[in-house]
Amino acid sequence: MKSTLSEIQQRFDNEVERFSNLETGQISTVDATLSLELLTQVAGACCPDAKQVLDLGCGAGNFSLKLLNLGLDFDVTLIDLSQPMLDKAKERIFNASEGKITTIQTDFLNMELPEETFDIVVTGAAMHHLRGDEEWETVFSKIYKSLKKGGCFWISDLIKHDHPIIDQLMWNRYSDYLEGVGGKAYQENVFAYIAKEDTPRSVMYQLDVLKKVGFSYVDVLHKNSNFSVFGGIK
């Protein structure tokens, strides 16, 4: 039985500081800093004149801050399940930007997005909380409709692999990585909350959904073990 949204919210309410380091990113994520750099650099290159950014599952605001560091000047809409995360993200972005900051506490299924509004949509370590096919297609379709023509959507996330042998190999590699950075107890703790909370899908699955809902161009920017950066352009 997977965690409810309320249970997930409670955990993230208590982990704000873990999501607030631009230099390291999340230690539990393989290639966290590289993924952060690649995603934001590509988003900025695709939409250098971006004026409206949507940061989904924004956490403490790292992706928006990295975009601001590129010299972009934009208004940002922050969506997250956790109010403490939203508060921290708003505080950090306020100190780095003169743009308008809008915060919305909600989950992805219930969020209401204006159509053809955003130049860039980014999300990190959030989509893997979606469950069945209908949820994935619903959320990706909402994001597609919210983008202006030429706008882009980039994802950095935990993934799985469709082939069971490859999937097991990659989970073993991730297990070794976690033990290396935090020891056996840390590895077991991370795997425990993944098993309880998360339902990641493969990159190929998500690229197919992106194309199905209308994205004209999709690409993979990076992939290592159980983590990848990918997305599409409207």
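All figures in this text were calculated on a predicted structure; none of them were measured in a lab. (Residues numbered from 1 in each chain as written. Predicted model: local features only at pLDDT ≥ 70, side-chain atom pairs only at ≥ 80, totals over all residues. Heavy atoms only, no water.)

Looking at the sheet that holds strand E7 (residues 227-233)
Either a parallel or an antiparallel arrangement is found when strands of a sheet pair, and the pairing is made through backbone hydrogen bonds. The mixed open sheet is built from seven strands, whose spatial order is E3-E2-E1-E4-E5-E7-E6. Strand pairing shows two members of the sheet lacking a second neighbour, strand E3 (101-105) and strand E6 (217-224), which therefore form its edges. For this sheet, the mean inter-axis angle between neighbouring strands, taken without regard to orientation, is 15°. Both strand E1 (residues 52-56) and strand E4 (residues 118-124) contribute to a ladder of four bridges, which runs parallel. Bridging from a neighbouring strand, Asp55 pairs with Val122 of E4. (Pairing = 2+ DSSP bridges. Helix = DSSP H or I, 4+ residues; strand = E, 2+ residues; numbered from the N terminus. Axes fitted to C-alpha atoms, helices over the stretch in contact; angles between N-to-C directions.)

Here we look at the pairing of strand E5 (residues 147-158)
Where burial is concerned, most of E5 is hidden: nine out of the 12 residues are buried. In this sheet, E5 lies alongside E4 in parallel orientation, the contact comprising six bridges. Paired with Ile120 across the bridge in E5 is Cys152. Chirality of the crossover, the property in question, places the unit of E4, helix H5 (residues 133-146) and E5 among those that are right-handed. In the sheet, E5 pairs with E7 via seven bridges, with the strands oriented antiparallel. In the sheet register, Cys152 faces E7, and the bridge partner there is Ile233. (Buried < 20%, exposed > 50% of the residue type's maximum accessible area, 1.4 Å probe, protein only. Right-handed = clockwise from strand over helix to strand, strands pointing away.)

A few points about the environment of Pro48
With respect to the helices, strands and loops of the structure, Pro48 is situated in the loop between helix H2 (32-46) and E1. For the pair Pro48 and Asp73, spaced 25 residues apart in sequence, the C-alpha separation works out to 9.4 Å.

Regarding the pattern of salt bridges
Taken as a whole and assessed by the stated rule, the structure comprises six salt bridges. Residue Asp208 is joined to Lys211 by a salt bridge in which the shortest nitrogen-to-oxygen separation is 4.0 Å. In this pair, Asp208 and Lys211 both sit in helix H7 (residues 203-213), three residues apart, roughly one turn of the helix. In this structure Asp208 comes out as partly exposed when scored by relative accessible area, which is 45%. (Salt bridge = Lys/Arg side-chain N within 4 Å of Asp/Glu carboxyl O.)

Such coordinate-based values are descriptive only and should not be taken to indicate function.
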